[in-house]
Amino acid sequence: MKESHWFKRLEIALEFDSGFEIFLLLGRGELARPALAAIAEQLQRFGTPSWHRLHIDDLDSLLTTEQPGGVVHLVHGFERMPAAAAANLAARLNLNRDRLEVLAGPVIFWIAEDFYEELLRQAPDFVAWRSQATLVSDIESLISPDVAAEERLLCHAQIEAGSACADLPPLDIIDAGRRPILDWLTETSTRSFRYSVDDHPLRVAKWCAWQLARLREAGSYGWVPALLPSLLLTDMTGVGDGIGRLWEQGALHLVVAAPLSTQEFETIVAGNGENRLLAPVFDGNSAHASIAGLTDPQIAIMIERSFADLGRHEFEQWRIVMMTTLRLFEDRICRVGVLAAVISHWRHLGLSSVQRGLESRGWREHSFRSAVSCGVDLEANEVSETLIFGPEVFPQPDVLALKLYEFGKRMREVHQSSEAEKLLRASISLFRAEGRSRPRPAFVDALISLARNLEFDHEQELLIWREAVSVARQIEPLDSRLLIGALDGLALCSYLCRLPDEAERTLSEAIALVDESVHDPVLRSQLLCQQGQVFYEQERCEEAILLAKEALRILPDDGTKNSRLLRIELWQLCDACYSDLGLHQRAREAAAQVIELRRPLSTQLWLRDLEMWGERLLEAGELEQARAVVTEATQASGGGIAYPFTLLAKIHWALDQRAEAIEAIEEAVRINREGLDDGYGSWWTRELAQALLTLSSYLAQLQREDEALHVAREAVTLLEQDAERQPAQYPADLVSALRQLGDLAASHQQFEIAAGAYARILTLAEPFPARTSDPVLEVELRLEEVQDLSDIQRGS
Amino acid sequence: MGQTRDAWRRLYKVCDPKERLHVDELNLFVERPDSVARKIANSLRSGFDEQGKWVICGSVGTGKSTELTKLAEILRESYLIVGVDLWRASARIDEVSAAEILFCIGAAAVRTAESRFGHQVDPTLKKHLQTAFAGLLDDRHSVEVAELVEGVTLLAFDLLAPGAVGAAKSAMKAARAATGAQVLPIGRPALGGLTRPVKDGDPALDALVWAVDQILSDVAQIRAPLVLVDGLDKLTRIDAIRDLFATSRTLAKPQAPLVYTGPVTLMLAAEWSAAANYFDRARLANLVVAEPTAPSRRAAPQQIEDGRTAARGIVSRRCESAGIELSSAFTTQALDLLIRKSGGLIRQLLQLVRESVKLAGMRDLEIVDEMTARSACDEWRKEFEITMTGVRREELEYIEAHGEPKGGQVSHELLLWNYAIPYANGEMWFAPNPLIELRKA
């Protein structure tokens, strides 16, 4: 090798410059690792070898920002990917070409010779950066046939496993059960076994598992069910750590389409004396509604086997397994025949309440009854006990489900959301187990309660609402109000999940149901309002207006608060729709209705509406009307809110009523100043500064320069103090105030003040990207100008 | 006086293909007498082409992106430069549709106005852009359009500050940090193949054109916009080129002056003829440094001499930057050989110079002589051999004889990879890359 032309050229290049250079060595793909190892050995004097293996969707290891110095980077991996994946990665390498510079040293890529053309197509810019691309034809003689054969087999196995992902049976076969997938995996493993007695089958299975996990991350959920058995097969041999790694990366959200058969379960656990990893695996599944999990005997076996950890005093490990198991199978744990064993060992968990309970006979019943009767004061542990031991107290599932629902509902009313969720889920689980042939209204109520409890997880909420609607439809005789309630909730949730079509469909069904059976005009108006809001989001403004008008027509004018609030929503919808359609006069009429309705309901909101109304009139140039509205707002505010005065000042200024404008803005300054004195923080500071800057600009236009400068400087001082509190944030307000101060000073020949303000802007911008923005660059030029003028002024 | 190894190292670094040209480094580049940027700028300034649409096409490495940079620099005071880095914004450039490109233009205009001028484009218009684009999406894709707006990559040139090289580079780093224009997430960019196939005149496409026009009109409150789109020169499939430039006129629709970088294949008359209805072509031909290979083509001796002089100028500037005098670094014969073997491709010229400098440095030579230059050329010749096939050789022989390719995918790849090089002097002709030995001795 040392005499080869390609090697000499590479050696010369490294000797000449040991900085970041790209070298492409082209040869047989499967020889990547041994060939690079042999090369690295010969190039030791240029640096320690640093290996990088490219993975699908993974350039992280190559592009990590902390790279060691004094190394020769050796990169391979294209040879272990299916062609499409390699092309894809090449394109990404090309896009990230600039980032390769983090590799502060020579980088030697091994490229499979037959992939080079594709690399040229997908990564032309990357290839253009090369210092050398050479065919390496004579490396084979340096590599022993055994090593070459093993590497070839490994590459084939990995490419095959990667390609095989595309051959995985789609969902319809998965639905047929787990057997075909297990067969497929077993077949893959068997084939791999032929390669070597080494750990190749493990590598294949793990690689396959990783592939599938990534597919899932890419949204190809349909293939993922095969991942679980693959992972288990890998880990049960006791060698792999696939689960742990997936767990860390949050990729372990597996879908189990059907319970493991006894045979499958035995196959999986047979290779290992324990199965403690199963519980975390199934915990990973818990987020998915369709989990089937293990059968009762399987759970029992799992729990019993996990006691082996106790025998070895691995308490922490046992504790994790047990807690996971209890959490996942809490509604079934009493049935699996291991309850006594669980209780006798539970003290190892160290839960004081449980230990206390174990000290007295009959504790279970007492605990559960107290939980149900005075649940609002219960601690989380007691809720857990309720969930676990409830079945013993109320053996009839329907009664227990109802009790849990009531308990959960109470917890929800006192805002104990997470506890409420546990109870409601347990209740629903029992209702589900009861079957859907003749579901009961309480089942729907429990689903509705749970859905309302899931405030921040709209996707999960959507599933629950759909189930609620589905169950409510099956209740005999039909409970229209219950179904309408479920439909209403589903519509709102669909709307929030940006599924307007589903929202529209659902609301249409609810409205039809109201017309057929309930005949409640308030409910109908409410649904029409929601339908209108959906139409508005879909930019179907005309239809939305029709619905809003219809709702306003049928809504009884009974003067109640709810009725008024609904009317406000309907007029707001009209305002928004008319505005979008460009019918501004009508929009303003609708806005006026909102203000009138709001007045008796909420002074604060009414004032906000008045301000917005005034702003709109000002924007529309209807100044006299704007002045009347905003004056009313200033009076109604009792002189305690600054913004109406600021707005009034703007209106007066636009009306050329300078003295009144100054008076109003000074009032805004006074109110803000009081707010600041009261100890309110940053917000008041900025509000006061803005009012002062407005005042300053008015004074400047009235030729009262000294006062204007004085006021602007006060604003700057305030904002400086504010900026000091948040040093990591770019002080945009302060920069803007300084610019105003600088311009004002410059225009009145106060060049030193101007120079000071501009220089301060540059100092402030220095640590931030904004230093290269146009406004800051402009300030740089302005500073040069005023410095010159300042020098001249001083000289003269 | 001869060169030391340190001096050779300096020159070696100055010729590094990894070092990009920055605005203030353009002086390392000899401005070509037919500067495309200057021509387009003059055309815009003269007022005759206020809504002009240009495609700059030329070989890979001839400086198309550099011309965009130069154009931005010339016109930055009089136009709002809206730059789109399509290559970085898309996962697979060949799958990018005209609708996606329009969307990128709209999004880039919004982001440029906001980030550089603090100008907030009317939110209704932003919504229109998103809605119109959402109406074109293929049902198979679930895409968050609002996120796409943020993901469109702006060209980095308009973020460069004037000043010294160091200042420019630090500005580039700041811009990278602030905008992500250069530092990309390792994850795949989003664009490419997102939209369903639509033809000109489709109402959904018209709605998108309307939205983009309204945004361009909004940002015109700052300054008249000039849109520069880089990346389409990287198209690798001939049918993708035809779809974008010939079959449809969508790319020419926005109501603003527009400049695209286009693939070298558009230099072929047959491929250009349909696109010529909507665009002006700005050809970035290579320096003519040798007689055409085809007997039917002619180049005036003066043009060849001018080309060689320009190439010498480029090498001279690099030498100057490394503190070396050209005449003391290369013998006349060596430099002539390197220039001839470069085929007038600037990137290839720099690669050959770099290789010869490395050889001279390692051999402790005081000057690059003809033998060293020949060795350098030989190293790079071998790289072309790697991907040479019978079909490609046959096509190159045809080009050598006739001065033009036959057309089609093989020709396109030869042009894309610089196996064949285009030249112009009023008319176009092509020649095989002089590094390639078509007939082995």
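Residues numbered from 1 in each chain as written. Chains lettered and ligands numbered in written order. Predicted model: local features only at pLDDT ≥ 70, side-chain atom pairs only at ≥ 80, totals over all residues. Heavy atoms only, no water.

A. How the structure looks around the sheet that holds strand S2 (residues 48-53) of chain A. Residue and element names in this part refer to chain A. With respect to topology, five strands assemble into an open sheet ordered S2-S3-S4-S1-S5, the strand pairing being parallel. Looking at the sheet topology across the chains shown, the edges are occupied by S2 and strand S5 (130-135). Geometrically, the sheet is characterised by an average inter-axis angle of 20° between neighbouring strands, direction not taken into account. (Pairing = 2+ DSSP bridges. Helix = DSSP H or I, 4+ residues; strand = E, 2+ residues; numbered from the N terminus. Axes fitted to C-alpha atoms, helices over the stretch in contact; angles between N-to-C directions.)

B. A look at the packing of helix H17 (residues 390-402) of chain B against helix H18 (residues 409-416) of chain B. Residues and elements named next belong to chain B. Running from amino to carboxyl end, H17 crosses H18 at an angle of 80°, the nearest separation of the two axes being 10 Å. When the axes of H17 and H18 are compared, the pair comes out roughly perpendicular. For the pair H17 and H18, the contacting residues are Val391, Arg392, Glu395, Leu396 and Ile399 in the first and Val410, Ser411, Glu413 and Leu414 in the second. Each residue belonging to the contact of H17 with H18 can be placed in one class, and the counts come to five nonpolar, one polar and three charged. (Parallel < 35°, antiparallel > 145°, perpendicular 65-115°, else oblique. Contact = heavy atoms within 4.5 Å. Nonpolar A, V, L, I, M, F, W, Y, C, P; charged D, E, K, R; others polar.)

C. Looking closely at helix H23 (residues 441-453) of chain A. Residue and element names in this part refer to chain A. Over its 13 residues, H23 runs 18 Å from end to end, which matches the ideal 18 Å to within 8%, given 1.5 Å per residue. Among the 13 residues of H23, ten are classified as buried, and the element is accordingly described as predominantly covered. Three or more residues of H23 are buried, namely Ala442, Phe443, Val444, Ala446, Leu447, Ile448, Ser449, Leu450, Ala451 and Asn453. Lining the buried residues of H23 we find helix H21 (397-413), helix H22 (417-434), helix H24 (458-474) and helix H25 (480-496). (Expected span 1.5 Å × (residues − 1). Buried < 20%, exposed > 50% of the residue type's maximum accessible area, 1.4 Å probe, protein only.)

D. Region of the structure containing helix H16 (residues 370-386) of chain B. With 17 residues, H16(B) ought to run about 24 Å at 1.5 Å a step, and its terminal C-alpha atoms sit 25 Å apart, in line with that. What H16(B) keeps buried is the set B:Thr372, B:Ala373, B:Ala376, B:Cys377, B:Glu379, B:Trp380, B:Arg381, B:Glu383, B:Phe384 and B:Glu385.

E. The arrangement of the pairing of strand S3 (residues 225-230) of chain B in detail. Residue and element names in this part refer to chain B. Along S3, six of the six residues are buried, which leaves the element largely enclosed by surrounding structure. Residues Pro225, Val227 and Val229 line one face of S3 and the alternating positions Leu226, Leu228 and Asp230 line the opposite face, and both faces are buried. In this structure, strand S2 (residues 80-85) lies alongside S3, joined through six bridges in parallel fashion. What sits directly across from Asp85, in S3, is Asp230. Across three bridges, the pairing between S3 and strand S4 (residues 258-262) is parallel. When the sheet's bridge partners are listed, Val227 is paired in S4 with Leu258. In this fold, the crossover linking S3 to S4 by way of helix H10 (residues 238-247) has right-handed handedness. (Right-handed = clockwise from strand over helix to strand, strands pointing away.)

F. Inspection of the confidence of the model for chain B at higher detail. Residue and element names in this part refer to chain B. With 82% of its residues at a pLDDT of 70 or more, chain B has an overall mean of 79. Considering each helix and strand of chain B separately, the mean pLDDT is smallest for helix H8 (residues 165-179), with a value of 34, and largest for helix H14 (residues 332-342), with 94. Model confidence for the complex is summarised by a pTM of 0.48, with the ipTM given as 0.74. (pLDDT = per-residue confidence, 0-100.)

G. Inspection of the confidence of the model for chain A at higher detail. All names here are of chain A. In this model, chain A carries a mean pLDDT of 71, and residues with pLDDT of at least 70 account for 64%. Mean pLDDT values for the elements of chain A range from 32 in helix H8 (residues 171-175) up to 91 in strand S4 (residues 106-112). When the criterion is pLDDT under 50, residues 188-261 qualifies, and its contacts beyond four places in sequence or with other chains add up to 143 contacts. Note that residues 271-293 has pLDDT below 50 and, in this model, 67 contacts with residues that lie over four places away or in other chains.

H. Structural context of the sheet that holds S4(B). All names here are of chain B. Taking strand neighbours across the sheet as the criterion, the five strands line up as S2-S3-S4-S1-S5 in an open arrangement whose pairing is parallel. In this open sheet, the two edge strands, each paired with only one partner strand, are S2 and strand S5 (280-284). Between one strand axis and the next, the sheet turns through 20° on average, direction left out of account. Running at roughly 170° to strand S1 (residues 53-58), helix H2 (residues 36-46) makes contact with S1, S3, S4 and S5 of the sheet.

I. Representation of the pattern of salt bridges within the structure. For the structure shown, the criterion picks out 51 salt bridges over all chains. Among the salt bridges present, the one from A:Glu21 reaches B:Arg354, with a minimum N-O distance of 3.0 Å. With A:Glu21 in strand S1 (residues 21-27) and B:Arg354 in helix H15 (residues 346-362), this pair bridges two chains. Considered together, A:Glu21 and B:Arg354 belong to a single accessibility category, that of buried residues. B:Arg76 serves as the salt-bridge partner of B:Glu73, at 3.6 Å between the closest nitrogen and oxygen. A relative accessible area of 30% means that B:Glu73 is categorised as partly exposed. Through salt bridges with shared partners, a single network forms among A:Arg9, A:Arg130, B:Glu355, B:Lys358, B:Glu379 and B:Glu383. (Salt bridge = Lys/Arg side-chain N within 4 Å of Asp/Glu carboxyl O.)

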